[in-house]
Amino acid sequence: MRTQVAIIGAGPAGLMLGQMLHRAGVDHVIVERQSADYVMSRIRAGILEQTTVDLLHEVGVGARLAQEALPHDELTLAFAGTKHTFSLHQLTGGKRVWAYGQTEVTKDLMDARAACGRPTVYEATDVSLHDLDGDGPATVRYTHQGVTQELQADFVAGCDGFHGVARKSMPSGVLKEFEKVYPFGWLGVLADVPPVSPHAIIYGNSALGFSLCSLRSMTRSRYYVQCPMSDRVEDWSDARFWAELKARVDPHTAEGIVTGPSIEKSIAPLRSFVAEPMRWGKLFLAGDAAHIVPPTGAKGLNLAASDVRMLGQALISHFVDKSDAGIKHYSAIALRRIWRTERFSWWLTSLMHKFPDTEGFGQRVQEAELDYLVNSPAAATTLAENYVGLPIESL
Ligand code: RFL
Ligand code: PHB
């Protein structure tokens, strides 16, 4: 099979890129390791920046989002027994974020994909990439239903997440990796109960550890507590989870939390990671394949979307306008925004979590910084403009 762009991975990055290329008439194939049902069942992000929402509208998958996403004009930080709400809208001159689950984004993109009729190969095993730096086309080899297949493409877009094959296909002398692993994880619970704070996410700092009150809809809540990575999901009964969450937020919030049986419970590690460069020969990386942020700033999916906006533009310019400027500059320009967002996610993680080595002193320093954020319009503006998402440079 021959195509213009082989997209590895049908997560949000791969599906969004496919949708962009489809609308510009660029031929492409998506190759995904898992089944469509498996991809749909992953519970992950919940908050979309305006730029992500704009991209989804632009690629024609915004109809349900326009009906169902909940606008968040505010952000709440809880600490030292009280909470403070920041007006994102006022602090950023009218910007906001949206509560709309990654599961819903994926469903909307998959529906659009099915309607457009472009090929997607699910359950492709042993995916490997070849001829990435030669003159001829790149080759993607994989096994599907027991048969080895080859796909030849002008470019390969590695949208296959942190554990994918694309980044590992770059020669080690070319790739530079930067990583920070945090000494804790997040235990997340999904429950069909009304959210305690439908119009503002609550990020909680407490001497007991971090907590987060989020939502998927007016009837479905998503809550998290910081936990040691040595914990197992079985260690956390629903009763233990709700008690711990309530102990970590301010009394007013604790009183308002409606508890119920969990419908999903999982523990996720926290990591900061960047791989540079994001292009080698005919291979480009986008999304979690190139970088990971800890979830504290809600940036992972949004960064994947901003990469895709830039990469999609670059590929469309190459095929449609016959200009290679975007392709040349994609890696450098995408990495500028990625590093700024890495910085913000690391900072918010450091501010809100309990670190095993800092004890009481660290807790007081965090509370002093939170107090400063609440009382300094300059500091609050910095928080808000990063939280709603930094502008995307055009290539
Ligand atoms: P994905 O979603 O990992 O998709 C990659 C796809 O590639 C496939 N794949 C392969 N396909 C072919 N061959 C191979 N060898 C392959 N290896 C892998 C995989 O099966 C998969 O389908 O990466 P993508 O598209 O870059 O999207 C990134 C986002 O999923 C991720 O950044 C976010 O979920 C992060 N995240 C959040 N981001 C936000 O913007 N806002 C949030 O509120 C937010 N909350 C979160 C999060 C991530 C979390 N976890 C579990 C890590 C909360 C949590 C708890
Ligand atoms: C979520 O709703 O899953 C969520 C919200 C905000 C975050 C991370 C995750 O920072």
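Definitions and limits used
Residues numbered from 1 in each chain as written. Chains lettered and ligands numbered in written order. Predicted model: local features only at pLDDT ≥ 70, side-chain atom pairs only at ≥ 80, totals over all residues. Heavy atoms only, no water. Pairing = 2+ DSSP bridges. Helix = DSSP H or I, 4+ residues; strand = E, 2+ residues; numbered from the N terminus. Contact = heavy atoms within 4.5 Å. Axes fitted to C-alpha atoms, helices over the stretch in contact; angles between N-to-C directions. Disulfide = S-S within 2.5 Å. Buried < 20%, exposed > 50% of the residue type's maximum accessible area, 1.4 Å probe, protein only. 1 Å grid on protein atoms, 1.4 Å probe; cavity = no way out; pocket = protein on both sides within 12 Å on 5 of 7 lines; lining within 4 Å. Points joined across faces, edges and corners; volume = space filled by probe spheres on them. Nonpolar A, V, L, I, M, F, W, Y, C, P; charged D, E, K, R; others polar.

Undergrad: Now, about the sheet that holds strand β14 (residues 211-217): what can you tell me, with residues and values included?
TA: The strand order across the open sheet built from eight strands is β6-β5-β13-β14-β15-β12-β16-β19, with neighbouring strands paired in mixed fashion. Looking at strand neighbours, the two that pair on one side only are β6 (82-87) and β19 (291-292), the edges of this open sheet. Pairing of strand β16 (residues 262-276) with β19, which is carried by two bridges, proceeds in the antiparallel orientation. When the sheet's bridge partners are listed, V274 is paired in β19 with H291. Along the sheet, helix α10 (residues 325-352) makes contact with β5 (74-79), β12 (176-191), β13 (200-204), β16 and β19, crossing β16 at roughly 130°.

Undergrad: Before we move on, could you go through the state of the cysteines and cite the residues and values that matter?
TA: By the definition in use, this model includes zero disulfides. C159 takes part in no disulfide bond, and the closest cysteine sulfur to it belongs to C116, at a distance of 15 Å. Owing to a relative accessible area of 6%, C159 belongs among the buried residues under this scheme. The closest cysteine sulfur to the non-disulfide-bonded C213 is located on C227, 16 Å from its own sulfur. With a relative accessible area of 1%, C213 lands in the buried category.

Undergrad: Just give me the short version of empty space enclosed by the protein, but keep the residues and values in it.
TA: By the definition in use, this model includes one cavity of 30 Å³ or more. Roughly 40 Å³ of internal volume is contained in the largest cavity. Residue lining of the largest cavity: G11, P12, V39, R42, Q102, T103 and T106, and that is the complete set. A per-class count over the lining of the largest cavity returns two nonpolar, four polar and one charged.

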